[in-house]
Amino acid sequence: MRRVFKKILIFVIVICTLWYAAELKGINLNKIGLALNEKYKLLNLNNTSRKKELVLVNIEHGLSKDYKPEGLTTPNISFATGVNQEEKYVAGIIAKPIEELVHAAKQDGIILLGNSGYRSYKSQNDVYTSRIKSEGKKLADAYVAKPGFSEHQTGLCIDLTNKSSNFVKGTKEADWLAENCYKFGFIIRYPYGKQDITSIEYEPWHIRYVGKEAAKYIYDNKITLEEYLAQSKK
Ligand SMILES: [Zn+2]
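Residues numbered from 1 in each chain as written. Predicted model: local features only at pLDDT ≥ 70, side-chain atom pairs only at ≥ 80, totals over all residues. Heavy atoms only, no water.

So, about helix H6 (residues 172-180). Regarding H6, the residues found buried are Glu 173, Ala 174, Trp 176, Leu 177 and Asn 180. Along H6, the residues classed as buried sweep out an arc of 160° about the axis, all on the same side. Where H6 is buried, its residues meet helix H3 (92-107), strand S2 (157-161), strand S3 (186-190) and strand S4 (203-209). (Buried < 20%, exposed > 50% of the residue type's maximum accessible area, 1.4 Å probe, protein only. Helix = DSSP H or I, 4+ residues; strand = E, 2+ residues; numbered from the N terminus. Arc of directions from axis to C-beta. Contact = heavy atoms within 4.5 Å.)

We now examine the packing of aromatic side chains. Counted according to the given criterion, the structure contains four aromatic pairs. Measuring from ring centre to ring centre gives 5.5 Å for Tyr 192 and Tyr 202, while their planes differ by 85°; the resulting arrangement is edge-to-face. Note that Tyr 192 is positioned in the loop between S3 and helix H7 (195-198) and Tyr 202 in the loop between H7 and S4, a separation of 10 residues in sequence. Overall, Tyr 192 belongs to the exposed group, its relative accessible area being 60%. Arranged with centres 5.6 Å apart and planes meeting at 55°, the rings of Tyr 217 and Tyr 228 form a pair that is tilted. One end of the pair, Tyr 217, is in helix H8 (residues 212-221); the other, Tyr 228, is in helix H9 (residues 225-232), with 11 residues separating them in the sequence. Using a relative accessible area of 4% as the deciding quantity, one classes Tyr 228 as buried. (Phe/Tyr/Trp six-rings, centres within 6.5 Å; stacked < 30°, edge-to-face > 60°.)

S2 sits mainly inside the fold: five of its five residues count as buried. Neither face of S2 is left uncovered, since the one carrying Cys 157, Asp 159 and Thr 161 and the one carrying Ile 158 and Leu 160 both have all their residues buried. One ladder, built from three bridges, connects strand S1 (residues 113-116) with S2; its direction is antiparallel. Its bridge partner being in S2, Leu 113 is matched across the sheet by Thr 161. (Pairing = 2+ DSSP bridges.)

For the rest of this paragraph, the subject is the coordination of the zinc ion. Those protein atoms acting as donors to the zinc ion are His 152 (NE2), Asp 159 (OD), Asp 159 (OD) and His 206 (ND1), and they sit at 2.1 to 2.8 Å. Going along the chain, you hit the donors of the zinc ion in the pattern H-x6-D-x46-H. Residue His 152 shares its accessibility class with Asp 159, and that shared class is buried. (Donors = N, O, S within 2.8 Å, 3.2 Å for Na, K, Ca; no water.)

In short, the description is geometric, and any link to function would need to be established separately.
Structure follows, in structure tokens:
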């Protein structure tokens, strides 16, 4: 009788051990799966075969010191006073779309002025270091990207302003831009309430060219470029 009991006990222990091992393996596999997903997401964000206008530059994804956009050109729009020549440049691909956007705004009685387009690595370095001097590192980090990590180095974005240089939410210029820029292939790159994703405070003046298809999708779904790239696997 004892022998039978012993056999049953061993049997139960073996079954329990096997079950536990299987469970453990399952958990590990799940963890590996998650890790792969995370890795895939990151690889996805760095996809080099992606369309040029969908390049991602943010706090985690930088450009080399020597990166210069193709076909830098000054678009035929009005600029705010004091804008230097370098910042009047934009990548060739966005010159026409920005001209069309500014023209369409004018048709609606909205005057938009160019304020800052392309910024070289060196210029960004100058802006960043001078902001640290004037406002301290905390505020500089919240509003100014470190050199190599500014979207302005791509030439695919531009800061716009209005005649009073007061381009904030609620002004007719900022509201027009937020509602219409997607029609020309641009997005508000740092929307309100998305700082946790973009790592940049809300900037109603900074528009980024991504092409009409992506811009419409991003506008319709109220998402950021980061979320779009992660979702669309582009
Ligand atoms: Zn900007």
